[in-house]
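# Coordinates in review
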Amino acid sequence: MGQIFTNQSFAATKCWDGGGGDENWSTAANWAGDALPGTTDTATFHGASCTAGTPDKSVTIDQNVDLSGSGGGINMGSNYTGTITQGSGFTLGVGSSDWTQAGGTFTGGNSTITLTNASFSQTGGTFTNSSAGMIMAGSTSADDSISCVGTLSGTVDITRSSTAAIVTISTGCTVTLVASVTTANGITVNGGLTATAIDLTASRGFTLAAAGTLTMSGTLTFSGSSASDVTLNCTGTFPANVDVTRSSSSSTFTVGTGCNVSFGSAITTANGITVNGG
């Protein structure tokens, strides 16, 4: 008993109990067992099993925080009423147990927030991104997602290296990407996505759901050398120019049924092209 297993890894819950004389993350007495969370722990703030002490005490992140290991994560429970402030100059990394926020306030600083093989989910509370932005990183083939209520503040970069993974923007959440994104994973947009230029070196393609929205001033490029087939799916007219520069003659680029695409003025690609849409 007292152990929680997921299909990804063993995750240890580390409760914030506010027992120290300050609000600093680095003060061991503020954590259950008087020990800081490790890379494979889920730092939990007034979660279901974290009610002892002063669980609503606010937090100042006063050191680089690495929870990016298998099972590492952040959980801000629905009962949490405090504020977690990312101190200036300190990075924050989250692992496969994800960032889950149902309550409280998170105020980002000026250094990156990196999610490694992890999803971001905000169903309550307030989240203000770091001015340096959020990074969706990692190398596993597991799919991840970004979920929020309304518009996620700040920008997101996607740098995943697995061609088998998909990052999904969930329904009801609008995300703005950094100016230029190059990533190996596929992208599915069920909510809203604002972007300038995206280069997918992936085998999982791009899907714009019927209820999804894409605002894009530049080009969506499908590049890479994988022999796997790639598909662009949408309903109606795809709202951005598309370029295909794949180098494998064994792969096929397919425009899905019901999707109308405008290609760049000159396409140079080694793969075949199948048009089921327009």
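Structure report, in brief. (Residues numbered from 1 in each chain as written. Predicted model: local features only at pLDDT ≥ 70, side-chain atom pairs only at ≥ 80, totals over all residues. Heavy atoms only, no water.)

### Brief notes about the sheet that holds strand E19 (residues 173-176)
Pairing within the open sheet is parallel, and its four strands lie in the order E16-E19-E22-E25. Edge positions in the sheet fall to strand E16 (150-151) and strand E25 (213-216), since each of these pairs with one other strand and no more. (Pairing = 2+ DSSP bridges. Helix = DSSP H or I, 4+ residues; strand = E, 2+ residues; numbered from the N terminus.)

### Remarks on the environment of Ser141
Relative to the helices and strands, Ser141 is located in the loop between strand E14 (134-137) and strand E15 (144-147). Separated by 20 residues in the primary sequence, Ser141 and Ser161 have C-alpha atoms spaced 8.9 Å apart. If we skip the residues at most four places from it in the chain, Ser141 touches Ser162, Ala164 and Ala165. (Contact = heavy atoms within 4.5 Å.)

### Quick word on unusual backbone geometry
The phi dihedral of Asp34 is positive, around 55°, even though this residue is not glycine. In this structure, Asp34 sits in the loop between strand E2 (10-15) and strand E3 (41-45). Although it is not a glycine, Asp98 sits at a positive phi angle of roughly 75°. With respect to the element layout, Asp98 can be found in strand E9 (residues 98-101).

### Quick word on the state of the cysteines
Counting across every chain of the model gives three disulfides. Note on cysteine connectivity: Cys15 is disulfide-linked to Cys50, with sulfurs 2.0 Å apart. Taking the torsion about the S-S bond as the criterion, the Cys15 to Cys50 disulfide, at about -65°, is left-handed. Here the residue Cys15 occupies a position in strand E2, and Cys50 occupies one in the loop between E3 and strand E4 (59-61), the gap between them amounting to 35 residues. The residues Cys15 and Cys50 share a single accessibility class, namely buried. One disulfide bridge connects Cys234 with Cys259, the sulfur atoms lying 2.0 Å from each other. Handedness here is read from the sign of the S-S torsion; for Cys234 and Cys259, about 100°, the answer is right-handed. Of this pair, Cys234 sits in the loop between strand E27 (230-233) and strand E28 (236-244) while Cys259 is found in strand E30 (residues 259-263), placing the two residues 25 residues apart along the sequence. Comparing Cys234 with Cys259, the two get one shared label, buried. Cysteine pairing for the chain, with bonded cysteines counted in sequence order: 1-2, 3-4, 5-6. (Disulfide = S-S within 2.5 Å. Buried < 20%, exposed > 50% of the residue type's maximum accessible area, 1.4 Å probe, protein only.)

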